Amino acid sequence: MTLSVTILGCSGTYAGPGGACSGYLVQSPSTNLWIDCGAGTFANLQRHIDLADLHGIVCSHSHPDHWLELPVAVNALRYGVGRPNAGIPLVWTAATAELFGAVSGRPPEPTFASRVVDETARVTIGDIDVSFSRTDHPVETLAVRADHDGHAIAYTADTGNDWSLSSLGSGIDIALVEATLDDPTPGIQHLTGSQAGSQAQQAGVATLVLTHLAPGSDPEARSAEAATAFDGPIAVAEIDRTYTT
Ligand SMILES: [Zn+2]
Ligand SMILES: [Zn+2]
């Protein structure tokens, strides 16, 4: 059975008009997994699944464009849709958990069943196996790999080029690779289009989806840059688009 990813938001660092920050819905036939909860993605999530069918959440890191919907999502998941008492599995870094407490003023339970992880963790949510790799970014940031029945989707989260997508292993069908920058910028731990393409090429991924482009970026130019380094099909993430393994 296949694995798919639907883009809920893909703007890098902040969202432009009509956009949303990072968020992805990874789905097997029986599991719905929300990866990254950037501003604007919770509304978009509800276009694709009933909230009662949300099986788990993974947050890559503590930068606000990747998790700040969570304190708001509690309002719906705890008070709006009458969830059962069992919390929704929520997997995140220690810093993200700490910031959630500071912002929301309450613990994640009972809405969520929180689990703080680092890159060594292996997590199973429904029938999707999740693994991680620590990227090149100023805070602890976890790239995410989702596996189901021989299919794999990888997501770099945010990273500079001193990290390798290959660290998530081989056999990746679809890689969501950040491509924030127009040009390499010393001290800024993000990727350009050509670096994103090179990362995908070296990791041997089948399909590259560029994401986390900064608002105002030219998607066609970014795609063309990636194509100088990657031989396979390339897409630039768009909200509500679904990519299937
Ligand atoms: Zn970001
Ligand atoms: Zn970041």
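The rules we used
Per chain, the residues get numbers from 1 upward, laid out in the order the sequence is written. Starting at A for chains and at 1 for ligands, labels are handed out in the order in which the entities are written. Under the rules for a predicted model, residues below a pLDDT of 70 receive no local features and side-chain atom pairs below 80 are neither given nor counted, while totals for whole chains, interfaces and linings still include all residues. Neither water nor hydrogens contribute to the side-chain values; these are computed over all heavy atoms in the structure. Two strands make a pair as long as DSSP finds a minimum of two bridges between them. Runs of H or I in DSSP of at least four residues are treated as helices and runs of E of at least two as strands, each being numbered from the N terminus. Note on geometry: axes are lines fitted to C-alpha atoms, helical ones only across the stretch in contact, with angles between N-to-C directions running from 0 to 180 degrees. Donors, by definition, are the N, O and S atoms found within 2.8 Å of a metal, the threshold being 3.2 Å for Na, K and Ca, and water is not counted, so a site can look incomplete. All geometry calls rest on donor angles, where a four-donor set with angles between 85 and 135 degrees is tetrahedral, four- and six-donor sets with opposite donors more than 155 degrees apart and all others between 65 and 115 are square planar and octahedral, and all else is irregular. Throughout, exposure labels follow a simple rule: accessible area from a 1.4 Å probe, protein chains only, divided by the maximum for the residue type, with under 20% read as buried, over 50% as exposed, and the rest as partly exposed. For the purposes of these results, a polar contact is taken to be a pair of N or O atoms within 3.5 Å, where, inside protein, one atom must be able to donate a hydrogen and its partner to accept one; residues adjacent in sequence count only when each atom of the pair is a side-chain atom. Note on definitions: a residue-residue contact is assigned when non-hydrogen atoms from the two residues lie within 4.5 Å. Between Lys or Arg on one side and Asp or Glu on the other, a salt bridge is scored when a side-chain nitrogen of the former is within 4 Å of a carboxyl oxygen of the latter.

### What about the sheet that holds strand 4 (residues 56-58)?
- On the basis of which strands lie adjacent, the open sheet formed by seven strands has the order 6-5-4-3-2-1-14 and mixed pairing. Edge strands, defined here as strands with exactly one partner in the open sheet, are strand 6 (112-116) and strand 14 (242-244). Each strand of the sheet is rotated relative to its neighbour by a mean of 20°, with strand direction disregarded.
- Sheet topology places strand 3 (residues 32-35) next to strand 4; three bridges connect them, and they run parallel. Opposite Leu 33, over in strand 4, you have Gly 56 as the bridge partner.

### Structural notes on the coordination of the zinc ion (ligand 2)
- Distances from the zinc ion (ligand 2) to its protein donors, namely His 61 (NE2), His 63 (ND1), His 137 (NE2) and Asp 158 (OD), fall within the range 2.2 to 2.3 Å.
- One way to put it: the four donor atoms around the zinc ion (ligand 2) meet at angles of 90 to 165°, and that makes the site irregular.
- Spacing between the donor residues of the zinc ion (ligand 2) along the chain follows H-x1-H-x73-H-x20-D.
- We classify Asp 158 as buried; its relative accessible area is 2%.

### With respect to the side chain of His 190
- Looking at the secondary structure, you find His 190 in the loop between strand 11 (174-178) and helix 4 (193-203).
- There is a polar contact of 3.3 Å between the side chain of His 190 and the side chain of Thr 180.
- Leave out the neighbours within four places in its chain, and His 190 touches His 137, Asp 158, Thr 159, Gly 160, Glu 178, Thr 180, Leu 181, Gln 195 and His 212.

### With respect to the environment of His 61
- Of note, His 61 is situated in the loop between strand 4 and helix 2 (70-79).
- According to the relative accessible area criterion, His 61 is buried, its value standing at 0%.
- Residues His 61 and Thr 93 lie 32 residues apart in sequence; the distance between their C-alpha atoms is 6.1 Å.
- Residue contacts for His 61: discarding those within four places in its chain leaves His 66, Trp 67, Thr 93, Thr 96, His 137, Val 139, Glu 140, Thr 141 and Asp 158.
- At 3.3 Å, the side chain of His 61 and the side chain of His 63 are in polar contact.

### Some details on the pattern of salt bridges
- By the definition in use, this model includes five salt bridges.
- In this structure, the salt-bridge partner of Asp 240 is Arg 47, at a minimum N-O distance of 2.9 Å. A residue pair is termed long-range when its members are at least 10 positions apart, and Asp 240 in the loop between strand 13 (234-236) and strand 14 and Arg 47 in the loop between helix 1 (41-45) and strand 4 qualify at 193 residues.
- With its nearest N and O atoms 3.6 Å apart, the salt bridge here joins Glu 225 to Arg 222. Here the residue Glu 225 and the residue Arg 222 both occupy positions in helix 5 (residues 219-227), the gap between them amounting to three residues, near one helical turn.
- On the basis of relative accessibility, which here comes to 25%, the residue Glu 225 falls in the partly exposed class.
- Relative accessible area serves as the criterion here: at 1%, Arg 222 is assigned to the buried category.
- Through salt bridges with shared partners, one network takes in Asp 182, Arg 222 and Glu 225.

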